[in-house]
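# Coordinates in review
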Amino acid sequence: MEWVGGCASGQAGLVNDRAPVPYRFDPDATAAGLKQQYGQLEAGVETGDRVVVAGRLMLRRGQGKLAFGQLADSTGRIQLFATANDTPDFERFGKLSLGDWIGVSGEVMTTRKGELSVKVLEWSILAETRRPFPDKWHGINDPDTRYRQRYVDLWVTEEARLTLQARSKIVSLIRRWLEDRDFMEVETPALHPVPGGALARPFTTHHNALDQEMFLRIAPELYLKRLVVGGFERVFEIARVFRNEGISPRHNPEFTMLELYQAYADWTDIMELVEQLVAYLAIEICGSTTVTYQDRELDLSVPWRRASMASLIEEQTGRSVGLDTPIDELRALCDELDVEWRDSYGAGKLMLEIYEKTAEGEQWDPVFVTEYPVEVSPLARPHRELPGMTERFEGIVAGRELCNAFSELLDPDDQRARFEDQVRERDNGDEEAMAVDEDYLRALDYGLPATGGLGIGVDRLVMLLTDSATIRDVVLFPTLRPEQDLGSGSMEPGGDGQTSST
RNA sequence: GCGCCUCUAGCUCAACGGCAGAGCAAUGGACUCUUAAUCCACAGGUUGGGGGUUCGAAUCCCCCGGGGCGCACCA
């Protein structure tokens, strides 16, 4: 390792004074690793063990011929202990800016007060910060600044770092869990000629060479089922999907959806899969199936409650409704409950609207809501016992939809009729209705066996497991309006360029 | 898209019709065991932008812009 320690340029104090920094560096210890290995050390011990650490200087305390610092890396923080006698270029070390990246080689020790530290015996600057770091105690409070400058937020907001690290861990655990069950990860197109697989407004774009309108996918569903037709019996995709809709604490225009399809399975198999997967993740991430979400306890243990949509409506409103309830009665109930409806809505759509208004948000502990009407489930297979219903369920946790799943619709003729119903709804002004996907129908013509399918909102799952109130906290770079005053001028040395919330 | 709230130093916040302030950061100095170190000194502002009311506006009113939260849409 080449040490560039003591490379102060002699022009200290100038903003543009950039020390030469090494092309590579080889740390051999981390803050967390040191705490784990030496955590039990008594006060005043010098171990003689030499380690190399690297990171950002987050705190600094001069003490005459001593100096203390706190070095942060991706695992946490460790104290640095520098002395005029042992630390080369001690003077310069004491003048480092908060936020500077440094590499340190030194001896593992504890101070007289017992704080585990690395005594700085060699050090070098790995990168200087030319912008001041936020308040060392309060950090950044303005949410907009946090999301825009995530590269700073990750250093000064520990929860942000831990949450986003947990997200990575969760996605990794999902992959491994599914692979252990013989699911194969695939990647299907994100550019779709026909948007499908969900009810949502797409982003539109254009391919120049093909001179063709294209859509960013709103769901990978129809491609994944094509793969089951193709003989991949268990597939999954962790898909970034795009929906041209509002932004809110629970919605980002691009978000991540886990979809999986299992041949020969039905919706009951998928229910078991979901509750087991989520319980497994809760234990791995939170240490228990009982987690706290927004100051309220949440029991994710298996099995989750099953309840039909109609029964939940009755539970909340005391009114018994079903597909055979006269339409006027349903409309009257909507009016009574302040639920908007249109003439084109059938009994199934009215039921769904009533359920979403009255019951969905009232659920807290997980519940699989079953028996969705055919009318609102264009890709789900008819219920084997209940006419007009499908074998579809949604998993509701903490009052929000976590997943949507069903026994997949197999019959090409039925599917064509459902698509055509959707087109009629589109003609009636429903911009989220589906279009006919002829190639998908052709695939179904070749035969799809019984298949259970699932979509889970990964962002919302991460929110639950990390106790995050907003989706922006679990997305590294959430969608924001572009900053207005951030031109090329901000890159000029000495330019103000500080990007506040304005 | 509609409603409510909000925008003051690099960061976190005061001042709420009467001289724009503090802490941290920065800058200069003291200090051999600090833990958000402490102490001394110094500096930092077109109060988001524009207009209006007023003897006087960060403060009240209007318009515009950014952000937050609800509603609507949705996952």
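Just so you know, the residues in each chain are numbered from 1, in the order the chain's sequence is written. Whichever chain is written first is A, and whichever ligand is written first is 1; the rest continue in order. Where totals are concerned, whole chains, interfaces and linings use all residues; where local detail is concerned, this predicted model gives features only for residues with pLDDT of at least 70, and gives and counts side-chain atom pairs only at 80 or more. Hydrogens are left out, water is left out, and the side-chain values use all remaining heavy atoms of the structure.

This next bit is on the protein's contact with RNA strand B. The local shell around RNA strand B holds 50 residues, among which Lys113, Lys136, His251, Asn252 and Arg460 are the closest. Among the atoms of RNA strand B close to the protein, meaning within 4 Å, 56% are from sugar or phosphate groups. The definition of a polar contact used here is a pair of N or O atoms within 3.5 Å, where within protein one atom must be able to donate a hydrogen and the other to accept one, and adjacent residues in sequence count solely through side-chain atom pairs. One of the side-chain nitrogen or oxygen atoms of Arg60 is found 3.1 Å away from a phosphate oxygen of RNA strand B. A distance of 3.3 Å separates a phosphate oxygen of RNA strand B from a polar atom in the side chain of Arg472. Here a strand is any run of E in DSSP of at least two residues, a helix any run of H or I of at least four, and the numbering for each starts at the N terminus. With five residues, strand β1 (residues 46-63) is the largest single contributor of residues to the surface near RNA strand B. By residue class, the composition of the surface near RNA strand B is 13 nonpolar, 17 polar and 20 charged. A cutoff of 4 Å decides nearness: a residue is near a molecule or strand if any of its heavy atoms lies inside that distance of it. Under the scheme applied here, ten amino acids are nonpolar (Ala, Val, Leu, Ile, Met, Phe, Trp, Tyr, Cys and Pro), four are charged (Asp, Glu, Lys and Arg), and all others, including Gly, are polar.

In short, DSSP must find at least two bridges between two strands for them to pair. Ordered by their spatial adjacency, three strands build an open sheet running β7-β9-β8, and the pairing between neighbours is antiparallel. Every other strand in the sheet has two partners, leaving β7 (191-192) and β8 (204-207) as the edge strands with one partner each. Inspection of the sheet shows β7 paired to strand β9 (residues 212-216) by two bridges, in the antiparallel sense. The partner of Leu191 across the bridge, within β9, is Leu216.

Moving on: the confidence of the model for chain A. Across chain A, the average pLDDT comes to 90, with 92% of residues at 70 or higher. Across residues 4-17, where pLDDT falls below 50, the model places 20 contacts with residues more than four positions away in sequence or in other chains. Across the predicted assembly, pTM comes out at 0.91 and ipTM at 0.90. pLDDT measures how confident the predictor is about each residue, on a scale from 0 to 100. Throughout, a contact is declared for two residues whenever any of their heavy atoms are within 4.5 Å.

Take the buried Ala, Val, Leu, Ile, Met, Phe, Trp, Tyr and Cys residues and link them wherever side-chain atoms come within 4.5 Å; each set so joined is a nonpolar core. Only protein chains enter the accessibility calculation, which uses a 1.4 Å probe; a residue whose area is less than 20% of its type maximum is buried, one above 50% is exposed, and one in between is partly exposed. Counting 44 residues, the largest nonpolar core has Leu258, Leu300 and Leu454 as its most contacted members. Top element by residues in this core is helix α7 (residues 267-286). It accounts for nine residues. Each residue touching Leu454, except ones within four places of it in the same chain, is listed here: Leu258, Glu259, Leu260, Tyr261, Ile270, Leu273, Val274, Cys403, Asn404 and Ala405.

This part takes up unusual backbone geometry. A cis amide bond, omega -5°, links Val302 with the succeeding residue Pro303. Relative to the elements of secondary structure, Pro303 occurs in the loop between β13 (296-299) and β14 (305-308). With phi around 65°, Asp338 is a residue other than glycine that occupies positive phi space. Inspection of the secondary structure assignment puts Asp338 in the loop between α9 (327-337) and α10 (347-358).

The next subject is helix α5 (residues 158-180). Each helix should span, by expectation, one fewer than its residue count multiplied by 1.5 Å. Spanning 23 residues, α5 covers 33 Å between terminal C-alpha atoms, matching the ideal 33 Å at 1.5 Å per step. Considered for burial, the residues of α5 that qualify are Ala160, Arg161, Thr163, Leu164, Ala166, Arg167, Ile170, Val171, Leu173, Ile174, Trp177 and Leu178.

Patches here are clusters of residues that have more than 30% relative accessible area and form no salt bridge, with a 9 Å joining cutoff for like charges and a 5 Å cutoff for nonpolar side chains (Val, Leu, Ile, Met, Phe, Trp, Tyr). The accessible surface values rely on the Shrake-Rupley method and a 1.4 Å probe; as for residues, cover is taken only from the protein chains in view. We count a salt bridge whenever a side-chain nitrogen from Lys or Arg sits within 4 Å of a carboxyl oxygen from Asp or Glu. A surface patch of nonpolar side chains, about 360 Å² in accessible area, is lined by Tyr151, Leu476 and Phe477. One can find Leu476 in the segment after α13 (458-466). Residue Leu476 is classed as partly exposed on the basis of its relative accessible area of 42%.

Attention now moves to the environment of His383. Secondary-structure assignment places His383 in the loop between β15 (367-373) and β16 (389-397). For His383 and Pro373, which are ten residues apart along the polypeptide, the C-alpha to C-alpha distance reads 9.2 Å. Setting aside residues up to four positions removed in sequence, His383 forms contacts with Trp267, Glu371, Met389, Thr390 and Glu391. A polar side-chain atom of His383 sits 3.0 Å from the main-chain amide nitrogen of Glu385.

Pairing in this open sheet of eight strands is mixed, and the strands run β6-β10-β11-β18-β17-β16-β15-β14 from one edge to the other. Of all the strands in the sheet, the pair left with one neighbour each is β6 (184-185) and β14. Alignment of strand β11 (residues 254-263) against strand β18 (residues 451-457), held across seven bridges, turns out to be antiparallel. Counted as the bridge partner of Gln262 is Gly452 from β18.

All right, on to the pairing of strand β10 (residues 234-242) then. Here β10 lies mainly inside the structure; seven of its nine residues are buried. Summarising the sheet, β6 and β10 pair through two bridges and their orientation is parallel. Paired with Glu185 across the strands is Phe236, a residue of β10. Relative to β11, β10 runs antiparallel, the two being bridged by nine bridges. Looking at the pairing, Ile238 lines up with Leu258 of β11.

Working convention: axes come from line fits to C-alpha atoms, limited for helices to the stretch in contact. Angles between N-to-C directions cover 0 to 180 degrees. Contact geometry of helix α6 (residues 221-229) with helix α12 (residues 438-445) gives a least axis separation of 9 Å together with a crossing angle of 25°. Regarding the angle of α6 to α12, the classification is roughly parallel. Taken as a pair, α6 and α12 cross one another with a handedness that is left-handed. From α6, Leu222, Lys225, Arg226 and Val229 reach across to α12, where they touch Asp439, Tyr440 and Ala443. Broken down by class, the residue content of the contact of α6 with α12 amounts to four nonpolar, no polar and three charged. Orientation categories follow fixed angle ranges, with anything under 35 degrees roughly parallel, anything over 145 roughly antiparallel, 65 to 115 roughly perpendicular, and all other angles oblique. Whether a crossing is left-handed or right-handed is set by the direction in which the near helix is turned from the far one by less than a right angle, anticlockwise for left-handed and clockwise for right-handed.

The next subject is the pairing of β16. Burial within β16 is extensive, with nine of its nine residues counted as buried. Two strands pair when backbone bridges link them, and β16 and strand β17 (residues 400-407) are joined in this way by six bridges, in the antiparallel orientation. Bridge pairing links Phe393 to Ala405 in β17. From the end of β16 to the start of β17, which pair antiparallel, there are two residues, and Ala398 there has a positive phi angle of about 55°.

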